[in-house]
Amino acid sequence: MSILPYRPEFANESPYGAPQLDVPVCLNVNENPYPPSPELIADISRGVAAAAAGLNRYPDRDFMELREDLSAFLERESHVHVDPANIWAANGSNEVMLHVLQAFAGPGRTVVSFAPTYSMYSEYARDVSATWVAGARTDSFELDLDEVRSVLERERPGVVLLTSPNNPTGTALPQEQLIEILDIARHTGPEPGQASLVVIDEAYVEFRRDGVSSALELLSDYPYMAVSRTMSKAFGAAGLRLGYLAAAKEVIDQLTIVRLPYHLSALTQAAARACLAHSDQLADQIAKIREDRDSLVEELGALGLKTVPSDSNFVMFGTFADRHAVWQGILDRGVLIREVGPEGWLRVCIGTPQENAAFVAALKEVI
Ligand code: PMP
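Residues numbered from 1 in each chain as written. Predicted model: local features only at pLDDT ≥ 70, side-chain atom pairs only at ≥ 80, totals over all residues.

**Describing the sheet that holds strand S8 (residues 243–247)**
Link 1 in the chain: Strand order in the open sheet formed by seven strands is S2-S8-S7-S6-S5-S3-S4, and the pairing between neighbours is mixed. Every other strand in the sheet has two partners, leaving strand S2 (87–90) and strand S4 (131–136) as the edge strands with one partner each. With strand direction ignored, the average angle separating the axes of adjacent strands in the sheet is 25°.
Link 2 in the chain: Where strand S6 (residues 197–201) meets strand S7 (residues 225–230), four bridges bridge the pair, whose relative direction is parallel. Residue pairing for S7: Ile200 is matched across the bridge by Val227. (Pairing = 2+ DSSP bridges. Helix = DSSP H or I, 4+ residues; strand = E, 2+ residues; numbered from the N terminus. Axes fitted to C-alpha atoms, helices over the stretch in contact; angles between N-to-C directions.)

Pasting the structure below:
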């Protein structure tokens, strides 16, 4: 028996994390495979050096310049104007989401999502002592409005988390469906007259196919919706740890209450601003990743495998009677993918053309 005052609810828990293995090809955590350009590295270094000169002082607690740069980026990327005052940021969208749940969920409140979806959500809910409820998706991994209505009306959640494109399936949430869900959520908050806060996690949205829109377009009409994004995926800056969120000022005000003071370091703010200044150079890279994704879907189909239509930088494929054996066989050939999602399926993210080829070669040998 330990003398530590363990919290009973954490008794059987273990830390979350995909395996970080030292293998030649890593296609397991949905990163952008292309490292920053020499010009960007030089700009990050300059920005960080300037911030280092003032490191004896605390950083700008409200990260105003970064908010302005994020606002300008959203305008370029999604053609939606989001005022800097309507933008929040933290160390990865993981931390953004924790702030959201600290502010709007917590003990006695419920957090709802629809499985299969991003496996961290249940852990955020656990960490704020909220109740976690996962409704079901359809067999093709889309949302079913009847199911959404019944779960929301039954649970009256403080927060509803919807991922678009969804992880691990890659499926985007169509705008018409989102509008119907928002109309339902208007009346399903914890107290009569309240709405549930609907958070659209758009971590992968920059990879969406033509014709798929961002939830940002609806932001000004729905003050109980928030859109979360990250610089970890399309931006190619997973090591930076910068996630952000767009929402009504009232939502941002609540997040400001729960954040730790000075949660975004001056170095993070400077490096993020340098990355944002180079965001125009991402367009070609994103186009290439989308193209390679679509080719990989075709190749997997030609091998007789099923895939799920993807608007992200990964593809879920299957199905296998023993998916672990397939995952292990691919790993034994130097390629790490992810054993995640519904039974029988595996997920691979898009790498460089050489990495994708190594994956396909390994897969062909294994199946
Ligand atoms: N949301 C989704 C759907 C994700 O897949 C991930 C990363 N795997 C995140 C959020 C977290 O991203 P980050 O904390 O790096 O911004």
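Structure shown, so let's carry the discussion forward.
**A few points about the UniProt feature "domain: Aminotransferase class I/classII large" (unreviewed entry) in the chain**
Link 1 in the chain: Per the UniProt record, the feature "domain: Aminotransferase class I/classII large" (unreviewed entry) sits at residues 27–363.
Link 2 in the chain: The distance from the first to the last C-alpha atom of residues 27–363 is 13 Å, and the span holds 40% helix and 15% strand. (UniProt positions renumbered as here; feature names shortened; annotations may be inferred.)

**Description of the site of the ligand**
Link 1 in the chain: Taken together, 13 residues lie near the ligand, and Gly92, Ser93, Asn94, Thr230 and Ser232 sit nearest.
Link 2 in the chain: For the shell around the ligand, the residue count by class is three nonpolar, nine polar and one charged. (Near = placed C-beta within 6 Å. Nonpolar A, V, L, I, M, F, W, Y, C, P; charged D, E, K, R; others polar.)

**Description of the pairing of S2**
Link 1 in the chain: Alternating residues of S2 divide into Ile87 and Ala89 and Trp88 and Ala90, and every residue in both groups is buried.
Link 2 in the chain: Of the strand pairs in this sheet, S2 and S8 are connected by four bridges, and their pairing is antiparallel. Each bridged residue has a counterpart across the sheet, and for Ala90 the counterpart in S8 is Gly243. (Buried ≥ 20, exposed ≤ 12 C-beta atoms within 10 Å, placed from the backbone.)

**Side note on helix H5 (residues 145–155)**
Link 1 in the chain: Buried within H5 are the following residues: Val148, Val151 and Leu152. Angularly, the buried residues of H5 cover 95° about the axis, an arc narrow enough to put them on a single face. Every exposed residue of H5 that faces more than 90 degrees away from the buried side is listed here: Asp146 and Glu153.
Link 2 in the chain: Against the buried residues of H5 lie strand S3 (110–115), S4, strand S5 (159–163) and helix H6 (175–185). (Arc of directions from axis to C-beta. Contact = placed C-beta atoms within 7 Å.)

**Observations regarding helix H11 (residues 353–366)**
Link 1 in the chain: With 14 residues, H11 extends 20 Å between its outermost C-alpha atoms, agreeing within 8% with the 20 Å of an ideal straight helix rising 1.5 Å per residue.
Link 2 in the chain: Listed as buried for H11 are Asn356, Phe359, Ala362 and Leu363. For H11, the angular spread of buried residues about the axis comes to 125°, placing them on one side. Those residues of H11 that are exposed and angled more than 90 degrees off the buried face are Gln354, Lys364 and Glu365. (Expected span 1.5 Å × (residues − 1).)

**Looking at the domain arrangement of the chain**
Link 1 in the chain: Taken domain by domain, the chain holds domain 1 (8–36 + 282–366) and domain 2 (40–280).
Link 2 in the chain: With centres defined by C-alpha atoms, the gap from domain 1 to domain 2 works out at 24 Å.
Link 3 in the chain: At the junction of the two partners, domain 1 supplies 24 residues and domain 2 supplies 25 residues.
Link 4 in the chain: Looking at the side of domain 1 that touches domain 2, the elements that each hand over two or more residues are helix H9 (282–302) and strand S10 (314–318).
Link 5 in the chain: Looking at the side of domain 1 that touches domain 2, the element that brings in the most residues is H9, giving five residues.
Link 6 in the chain: Looking at the side of domain 1 that touches domain 2 residue by residue, the classes come out as 14 nonpolar, six polar and four charged. (Domains from an automatic or database assignment.)

**Quick look at the packing of H5 against H6**
Link 1 in the chain: Following both chains from N to C, one finds H5 and H6 inclined at 20°, their axes separated by 10 Å at the closest point. Comparing the axis directions of H5 and H6 gives the class roughly parallel. As H5 packs across H6, the resulting crossing turns out to be right-handed. Across the interface between the two elements, Leu145, Val148, Arg149 and Leu152 of H5 pack against Gln177, Glu180, Ile181, Ile184 and Ala185 of H6.
Link 2 in the chain: Grouping the amino acids of the contact of H5 with H6 by side-chain chemistry returns six nonpolar, one polar and two charged. (Parallel < 35°, antiparallel > 145°, perpendicular 65-115°, else oblique. Left-handed = near helix turned anticlockwise from the far one by under 90°.)

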